[in-house]
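Working through the structure, step by step
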Amino acid sequence: MKLQPITLLLSSLVHFLFIPPLLAGSVSGQVQAPKQVKELIIYLTSDNALNQNEIPQKHIISQKDIRFKPELSIIMTNDSIEWENNESKEIDHNIFSLSPVNRFDLGLGEKGSKFERSFKKNGVLNYYCSVHKEMEGKVIILPNRHYQHLVQSTDFKIDNLPEGEWTLNAVVFHRRYKAEPIKVTIRKETIKNLSLKIVKR
Amino acid sequence: MKYLFLLTALLLFSCTHTPEIIVDKGAVFGVLSSDAHPSFTNKIRDKSSSADDYRDENSQGVIYHDNMVNYSQLNELYVGLVLPYYTPREHHLFAEPEKMSPSSLALSSGDMLKIQNNTSSTQHFFISDIEGEGFQSFPELQAGQNAYFTVNIEGNLELLSEDNDALKVVLFSKKNMLTKKLFSGQRYQFENLPPDSYQLIFWYWRLGKIEKTIRIEAQKNIRVDETLTVDSVMRSYHGCVINRTIDCK
């Protein structure tokens, strides 16, 4: 019976450490961007390391008709990508990247081959096939899955955000521009009508 | 046919003459080439492999199809030598309606770009670091006009137009880097160099760069040949182990 307080303490500690944070709120609003900015990724980051409970996923990129499909992939750190050579004819492909976030050369893959690689750092990665000149792709590696990909659209809404202090930011594909990050505090209510400004660098 | 190739090779080799010896000075020279991925060229050589569409039965070399990177025909390879002293140079770029020419350029920070705007509209050019925050914008350039712009930042960069996505030049900029543009298999030389250690850089925009430190000695010419491939560039990153499981730092 003397151990009961310690047991309770340990039980509370385990609960605190391993129970995922409450999915509390959401943010929504509009992007204020000039017409040149046609595509961007709105994302949220937090210092609370809230993605620790998220299970890594595997994303498939097909090599078909001498193209990477899709050419843009948005993944989370520790996710992996599997490149599959799905050509209908005997066409070999290579996959390599010199981006500092992850440099690699996966060698030459024949029709039917599969290469997999995981990504441990956030950032933007450009990769190519050294054989075919039009084959290139891009991977955006984000710290969590709280993002939205906007193409020719300005309205955003991101749900299922755990409580805490967050920063709303954007990957802007037109490099003349950048987002002005916004600090938001997520509680149980929804934060509406945020305005994320895209400005010239 | 084989003897003809041998004779051609001998003639080409004899043309790779060494630079003139200058008292108290040295030189570096060599040939810069590019080639397909070694796994690809090995497959072409292996007659039992399923690569007939890509194998030239006469030369045993690669047949490059239109959709392939033809490494034997690349004409925008660069060699750069980082000097202790440097006088800024001028590079000419042409903005056409659908593309920039040339499409890549290695240069020194402090060099000037003379851009000729052959499009029908005003362009607002800027330079952006591909891997970092480096950024530089230039004043507007009206249609039909040309202007000089000085590049002030270093790194792996892109010159882009705010107004036309098709206008893009991949840049590699490094302080005090004297550069030469070459086609694959072309000879280069840097001469009249005071004895010292120098950084020699070989670059192709899609494959990246190989850096070497060379030692120039008085009244000596050193030869440094290099072939840019995915494999050789990856190996040049010091301490980098390339395979499917180990990260390359």
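Residues numbered from 1 in each chain as written. Chains lettered and ligands numbered in written order. Predicted model: local features only at pLDDT ≥ 70, side-chain atom pairs only at ≥ 80, totals over all residues. Heavy atoms only, no water.

**Notes on the overall build of chain B**
- If you tally the helices and strands in chain B, you get 3 helices and 17 strands.
- Within chain B, buried positions represent 45% of all 249 residues.
- Expressed as a percentage of contacts within chain B between residues at least 6 apart in sequence, the contacts between residues at least 24 apart total 63%.
- Surface exposure of chain B reaches about 12,800 Å², of which carbon and sulfur atoms provide 50%. (Helix = DSSP H or I, 4+ residues; strand = E, 2+ residues; numbered from the N terminus. Buried < 20%, exposed > 50% of the residue type's maximum accessible area, 1.4 Å probe, protein only. Contact = heavy atoms within 4.5 Å. Areas by Shrake-Rupley, 256 points an atom, 1.4 Å probe, with all protein chains shown as cover.)

**Observations concerning the domain arrangement of chain B**
Residue and element names in this part refer to chain B.
- Annotation of chain B at the domain level lists domain 1 (2–80 + 183–246) and domain 2 (87–173).
- Tallying the contact residues gives 6 residues for domain 1 and 9 residues for domain 2.
- Of all residues in domain 1, Glu 76, Tyr 78 and Trp 203 bury the most surface against domain 2, accounting for 67% of the area lost on that side.
- Applying the counting criterion to the domain 1 and domain 2 interface returns 0 salt bridges.
- In this assembly, domain 1 and domain 2 are joined by 3 residue pairs in polar contact (both at pLDDT 80 or more).
- Of the residues in the side of domain 1 that touches domain 2, the class split is 4 nonpolar, no polar and 2 charged. (Domains from an automatic or database assignment. Buried area = accessible area lost by both parts, 1.4 Å probe. Salt bridge = Lys/Arg side-chain N within 4 Å of Asp/Glu carboxyl O. Polar contact = N/O pair within 3.5 Å; in protein donor to acceptor, adjacent residues only side chain to side chain. Nonpolar A, V, L, I, M, F, W, Y, C, P; charged D, E, K, R; others polar.)

**Things to note about the sheet that holds strand β9 (residues 146–150) of chain B**
Residue and element names in this part refer to chain B.
- The 4 strands lie next to each other as β4-β3-β6-β9, forming an open sheet whose pairing is mixed. This sheet does not close on itself; its edge strands, each paired only once, are β4 (100–101) and β9.
- In this structure, strand β3 (residues 90–95) lies alongside β4, joined through 2 bridges in antiparallel fashion. Residue pairing across strands places Phe 94 opposite Ser 101, the latter belonging to β4. (Pairing = 2+ DSSP bridges.)

**What to know about the interface of chain B and chain A**
- Every contact between the two is made by 41 residues of chain B and, on the other side, 39 residues of chain A.
- Interface of chain B and chain A: buried area, both sides summed, is about 3,400 Å²; carbon and sulfur atoms make up 49% of it.
- Along the contact surface separating chain B from chain A lie 5 salt bridges.
- Close ionic contact of A:Asp92 with B:Lys43 constitutes a salt bridge, the shortest N to O distance being 2.5 Å.
- Among the elements of the structure, α2 (38–45), β7 (125–129), β8 (135–137), β10 (155–161) and α3 (230–236) of chain B are those that each provide at least two residues to the side of chain B that touches chain A.
- For the side of chain B that touches chain A, the residue count by class is 18 nonpolar, 11 polar and 12 charged.

**Thoughts on the nonpolar core**
- Ranked by internal contacts, the top residues of the largest apolar core, which has 58 residues, are A:Trp83, B:Val28, B:Tyr188, B:Leu200 and B:Leu228.
- Among the elements that take part in this core, strand β14 (residues 196–204) of chain B stands out by supplying 4 residues, more than any other.
- Once residues lying within four places of it in the same chain are set aside, the contact partners of B:Leu200 are B:Val28, B:Val79, B:Gly80, B:Leu81, B:Tyr188, B:Phe190, B:Ile210, B:Glu211, B:Lys212, B:Ile214 and B:Val224.
- Membership of the second largest hydrophobic core comes to 27 residues, among which are B:Tyr78, B:Leu107, B:Leu113 and B:Leu171. (Core = buried A, V, L, I, M, F, W, Y, C linked by side-chain atoms within 4.5 Å.)

**A short note on the packing of aromatic side chains**
Residues and elements named next belong to chain A.
- Following the criterion strictly, the structure yields 14 aromatic pairs over all chains and no others.
- Note on Trp 83 and Tyr 127: the rings are 5.3 Å apart at their centroids and 75° apart in plane angle, and the pair reads as edge-to-face. Of this pair, Trp 83 sits in strand β6 (residues 80–85) while Tyr 127 sits in strand β10 (residues 123–128); the two residues are 44 residues apart in sequence, bridging distant segments of the chain. The pair Trp 83 / Tyr 127 is uniform in exposure class, with both members buried. (Phe/Tyr/Trp six-rings, centres within 6.5 Å; stacked < 30°, edge-to-face > 60°.)

**What about the sheet that holds strand β5 (residues 104–107) of chain B?**
Residue and element names in this part refer to chain B.
- Spatially, β5-β11-β10-β7-β8 is the arrangement adopted by the 5 strands of the open sheet, whose pairing is mixed. Each edge of the open sheet is held by one strand with a lone partner, namely β5 and β8. For this sheet, the mean inter-axis angle between neighbouring strands, taken without regard to orientation, is 20°.
- Where β7 and β10 come together, 5 bridges link them in antiparallel fashion. If you follow Asp 129 over to β10, its bridge partner there is Leu 157. (Axes fitted to C-alpha atoms, helices over the stretch in contact; angles between N-to-C directions.)

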